[in-house]
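Residue-level listing of the chains:
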Amino acid sequence: MGWWDSPTKRRLGPPYHHYHRLPMFPTLALLVAAPAPPTFAKDVAPILFTHCATCHRPGAIGPFPLTTFADARKRAKLIAAVTADKSMPPWKPEAGHGEFLDARTLTAGQVATLKAWADAGAPEGDPKDTPKLPAFKTGWQLGKPDIVLKMPKPFTVPAEGRDVYMHFVFPLDIKTEIYVRAVEVRPGNLKVAHHAVGILDGSGAARKKVDPKTGGYAGFGGPGFVPAGFTPGFVPGQTPRPFGDGCAITIKKGTDFVLQMHYHPTGKEEVDQTEVGLYLTKQKPTKHMLGVLMGTTDIDIPPGDANYVRTDKFVLPVDLKAGSVWAHMHLIGKECRLWAELPGGKEAKLLKIGDWDFNWQDTYAYKDPVILPKGTVLRAEWKFDNTAANPRNPNAPPKRVLNGENSTDEMGGIWLGGEVASEGDLVALLLANVGHYFEVESKKKTR
Ligand code: HEC
């Protein structure tokens, strides 16, 4: 007979029964159920410093800093709320519709940590554990530019009223064509500078519009001439990026650089004097950069319509290596999508913004270029909400809304930027896309 058959064992029962009665067990269970709450120093600061302080620090675009315990404690509940509803950090593309560089998203675990911290009363923990704030680069992010274009004089943004769109014209006075490998815009006043776009004018029309009083001219959405090209501008939170090996924007002699600035009044008069840095290369571009513009112009949204849908379709005449995507609607846009039906039946989801916000319009760069073979059908869709329940509706009560460039009109557009294999492909794509553009334009609705 072994010890396991001993009368003692039978009397006490198996050991695991015994453990239930040990006083230590319930204590352990309690520990498992209620771990020590997260602290600012150990758990919260690493999240805020990496994912929030880029914008929420003195001098950056966020309305308040989140760089110290005192800053964060005051707003613990709000931080938990805006991260749970995904309004912060601001990032519009939805998961599963394209994988993008520098995506500003938090993991479910990070969101849970911020909530647990707020629920526990926002404890600091040991300040010695607080990580160092990252060294944020000041000045030009890409180094000293080859050409600096600075607004000729400070522009005054009124305290109140509608958003202001201004165009500032810089004659480049170049003797030969130049190749631009990167563009960086440094907003002069982040309180009011909402976003900026660089537009190239080869027609000389823009410079004739300049009002010497302001050094620029006004106009919502459109610059008032047919652009010879665009350059990256500035949107909140965007990282300036060089175009990459072999890529550059060619600017021809006689071209003016037009900086379109979008200002948002803050309730206080503000001045801005923004600068643009152009980074040149001697190398003529060897890659052929071009994109596809899709859009809708037959917009006629009845008041009260919560789900007004427009679509567009474009068939690629050549192979396209898609590198980035940009979408555009105005105030009552609510959703936009771009997807591709590849030859052979596969589908590639390229972008979905489910909660359109006019204030956050970024160009999203794909982590890996998306290969779209010739014959691919690109499909775009825009949805609008013209009800009183839409808090972004500028009309109360809602009004009929048509296509147009004013903020109270609507637009639907998508630009899929990429690279084609040859000069011949470039011309073929350009011709097909310009043809498509005129077809879309011809459907424009008027009152
Ligand atoms: C790309 C820049 C950017 C990043 C990154 C960012 N914010 Fe913001 N945040 C803003 C701007 C601009 C506003 C004010 C305008 C707005 O609400 O869109 C704002 C507003 C807020 C507000 C106030 C919202 C309200 O309803 O009053 C909170 C709270 C906030 N951010 C928290 C965070 C937290 C927490 C993070 C990181 C997890 C974060 N933000 C990351 C730019 C940013």
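Conventions adopted
- For every chain, the first residue of the written sequence is number 1, and numbering continues from 1 along that sequence.
- pLDDT decides what is reported in this predicted model: residues at 70 or higher carry local features, side-chain atom pairs at 80 or more are listed and counted, and totals for whole chains, interfaces and linings draw on all residues regardless.
- Values reported for side chains reflect all heavy atoms of the structure, with hydrogen atoms and water molecules removed beforehand.
- Summary of the burial criterion: residues with accessible area below 20% of their type's maximum are buried, those above 50% are exposed, and those between are partly exposed, where the area comes from a 1.4 Å probe applied to protein chains only.
- Runs of E in the DSSP output that reach at least two residues are strands. Runs of H or I that reach at least four are helices, and both are numbered from the N terminus.
- We treat two strands as partners when DSSP finds at least two bridges between them.
- Only heavy atoms are used to decide nearness, and a residue is near a molecule or strand if one of them lies within 4 Å of it.
- Polar contacts, as counted here, are pairs of nitrogen or oxygen atoms within 3.5 Å of one another; within protein the pair requires one atom able to donate a hydrogen and one able to accept it, and residues that are adjacent in sequence qualify only if both atoms are side-chain atoms.
- When residues are grouped by polarity, Ala, Val, Leu, Ile, Met, Phe, Trp, Tyr, Cys and Pro land in nonpolar, Asp, Glu, Lys and Arg in charged, and all others, Gly among them, in polar.
- For each structure, a 1 Å grid was placed over the protein atoms alone; sets of points admitting a 1.4 Å probe that cannot get out are labelled cavities, open sets with protein on both sides within 12 Å along at least five of seven lines are labelled pockets, and lining residues have an atom within 4 Å of a point.
- Grid points are joined across faces, edges and corners, and a volume is the space filled by probe spheres set on the points.
- Domain segmentation is taken from an automatic or database assignment of domains.
- Whether two residues touch is decided by their heavy atoms; if any such pair falls within 4.5 Å, the residues are in contact.
- A simple way to read buried area is as the amount of 1.4 Å-probe accessible surface that goes missing from two parts once joined, with both sides added.
- The rule for a salt bridge is simple: a side-chain nitrogen of Lys or Arg has to be within 4 Å of a carboxyl oxygen of Asp or Glu.
- In this analysis, axes come from line fits to C-alpha atoms, helices being fitted only over the stretch in contact, and the angle between any two N-to-C directions falls in the range 0 to 180 degrees.
- Only nitrogen, oxygen and sulfur atoms qualify as donors, and only when within 2.8 Å of the metal (3.2 Å in the case of Na, K and Ca); with water excluded, sites may look incomplete.
- Note on geometry labels: four donors, all angles 85 to 135 degrees, give tetrahedral; four donors become square planar and six octahedral when opposite donors are over 155 degrees apart and every other angle is between 65 and 115; remaining cases are irregular.
- For classification, angles of less than 35 degrees are called roughly parallel, those exceeding 145 degrees roughly antiparallel, those between 65 and 115 degrees roughly perpendicular, and all remaining angles oblique.
- Each crossing is labelled by how the near helix is turned from the far one, with a counterclockwise turn of less than a right angle marking it left-handed and a clockwise turn marking it right-handed.
- When the centres of two rings from Phe, Tyr and Trp lie within 6.5 Å, Trp using its six-membered ring, the rings pair. Their planes under 30 degrees apart give stacked, over 60 give edge-to-face, and anything left gives tilted.
- Over a ring means this: the NZ of a Lys or the CZ of an Arg is within 6 Å of the ring centre and within 35 degrees of the ring normal.
- On a range of 0 to 100, pLDDT expresses the predictor's confidence in each residue.

**What to know about the pairing of strand S11 (residues 275-281)**
S11 sits mainly inside the fold: five of its seven residues count as buried. In terms of strand pairing, strand S1 (residues 147-150) meets S11 through four bridges, oriented antiparallel. Along S11, the bridge assignment pairs Val 148 with Gly 277. Bridge count between strand S4 (residues 178-186) and S11: seven bridges; the pairing is antiparallel. When the sheet's bridge partners are listed, Val 185 is paired in S11 with Val 276.

**Quick word on the site of the ligand**
Near the ligand you find 20 residues, and of these Cys 52, Cys 55, His 56, Pro 63 and Met 88 are the closest. At 2.8 Å from a nitrogen atom of the ligand is found a side-chain nitrogen or oxygen belonging to His 56. The dominant element in the shell around the ligand, judged by the number of residues it contributes, is helix H6 (residues 76-84), at four residues. When its residues are assigned to classes, the shell around the ligand shows 14 nonpolar, five polar and one charged.

**Here we look at the environment of Pro 35**
As for its placement among the helices and strands, Pro 35 is situated in the loop between helix H3 (24-33) and helix H4 (40-51). Each C-alpha atom, one on Pro 35 and one on Asn 433, is 59 Å from the other, the two residues being 398 residues apart in sequence.

**A closer look at empty space enclosed by the protein**
Following the criterion strictly, the structure yields one cavity of 30 Å³ or more and no others. Roughly 50 Å³ of volume is contained in the largest cavity. Around the largest cavity, the lining is made up of ten residues, and of these Arg 104, Trp 360, Gln 361, Asp 362 and Tyr 364 lie nearest the centre. The residue makeup of the lining of the largest cavity, split by class, is six nonpolar, one polar and three charged.

**Concerning the domain arrangement of the protein**
Split by domain assignment, the protein resolves into domain 1 (40-129), domain 2 (147-281) and domain 3 (288-442). Computed from C-alpha atoms alone, the centre-to-centre distance between domain 1 and domain 3 is 31 Å. Listed as interface residues are twelve residues of domain 1 and, on the opposing side, 15 residues of domain 3. When domain 1 packs against domain 3, the two sides together hide about 1400 Å² of surface, and 64% of this comes from carbon and sulfur. We note a salt bridge from Lys 352 to Glu 94, for which the minimum N-O separation is 3.4 Å. The tally of links between domain 1 and domain 3 comes to six residue pairs in polar contact (both at pLDDT 80 or more).

**Comments concerning the sheet that holds strand S8 (residues 249-251)**
Pairing in this open sheet of four strands is antiparallel, and the strands run S1-S11-S4-S8 from one edge to the other. The sheet is open, and its two borders are formed by S1 and S8, each paired with just one other strand. Shown here is a sheet whose adjacent strand axes are inclined to one another by a mean of 40°, direction ignored.

**Here we look at the coordination of the iron atom of the ligand**
Ideal values for angles at a metal depend on the geometry: 109.5 degrees with four tetrahedral donors, 90 or 180 degrees with six octahedral donors. Every protein donor of the iron atom of the ligand is listed here as His 56 (NE2) and Met 88 (SD), and their distances to the metal cover 2.0 to 2.3 Å. Note that the iron atom of the ligand binds six donor atoms; their angles at the metal cover 87 to 179°, and the shape is octahedral. In this pair, His 56 is assigned in the loop between H4 and helix H5 (69-74) and Met 88 in the loop between H6 and helix H7 (108-119), connecting sequence segments 32 residues apart.

**Regarding the sheet that holds strand S16 (residues 333-341)**
Here four strands make up an open sheet; going across it, the order is S14-S19-S16-S17 and the pairing antiparallel. Looking at which strands have only one partner, the edges of the open sheet turn out to be strand S14 (308-315) and strand S17 (347-353). Recorded for the sheet is a direction-independent mean angle of 15° between the axes of neighbouring strands. The pairing of S16 with S17 spans six bridges and is classified as antiparallel. Residue Glu 341 lies in a different strand from S17, and its bridge partner there is Glu 347.

**Observations regarding the packing of H6 against H7**
If you want to describe how two helices pack, look at the angle between their axes and the distance between the axes. Contact pair H6 / H7: the axes reach a minimum separation of 8 Å and the direction vectors enclose 155°. With respect to their mutual orientation, H6 and H7 come out roughly antiparallel. Crossing hand, H6 versus H7: left-handed. Judged by residue contacts, Ala 76, Lys 77, Ile 79, Ala 80, Thr 83 and Ala 84 of H6 engage Val 111, Leu 114, Lys 115, Trp 117, Ala 118 and Asp 119 from H7.

**Things to note about the pattern of salt bridges**
Following the criterion strictly, the structure yields 19 salt bridges and no others. The salt bridge involving Arg 241 is made with Asp 102; its shortest N-O contact spans 2.5 Å. On the criterion of sequence distance, the pair formed by Arg 241 in the loop between strand S7 (229-234) and S8 and Asp 102 in the loop between H6 and H7 is long-range, its members being 139 residues apart. On the basis of relative accessibility, which here comes to 46%, the residue Asp 102 falls in the partly exposed class. Through salt bridges that share partners, Lys 92, Asp 355, Asp 357 and Arg 392 make up one connected network.

**Describing the packing of aromatic side chains**
What the rule picks out here adds up to twelve aromatic pairs. For the pair Trp 91 and Tyr 364, a centre-to-centre distance of 5.1 Å together with 80° between the ring planes defines the contact as edge-to-face. Here Trp 91 is found in the loop between H6 and H7, whereas its partner Tyr 364 is found in strand S18 (residues 363-372), with 273 residues between them in sequence. By the burial criterion, Trp 91 is buried, and Tyr 364 matches it. The positively charged end of Arg 186 is found above the aromatic ring belonging to Trp 140, 4.9 Å away from the centroid.

**Things to note about the confidence of the model for the protein**
Put simply, the protein has an average pLDDT of 88, and 90% of its residues get 70 or more. Taken together, the stretch residues 1-26 has pLDDT below 50 and engages in four contacts with residues farther than four places along the chain or on a different chain.

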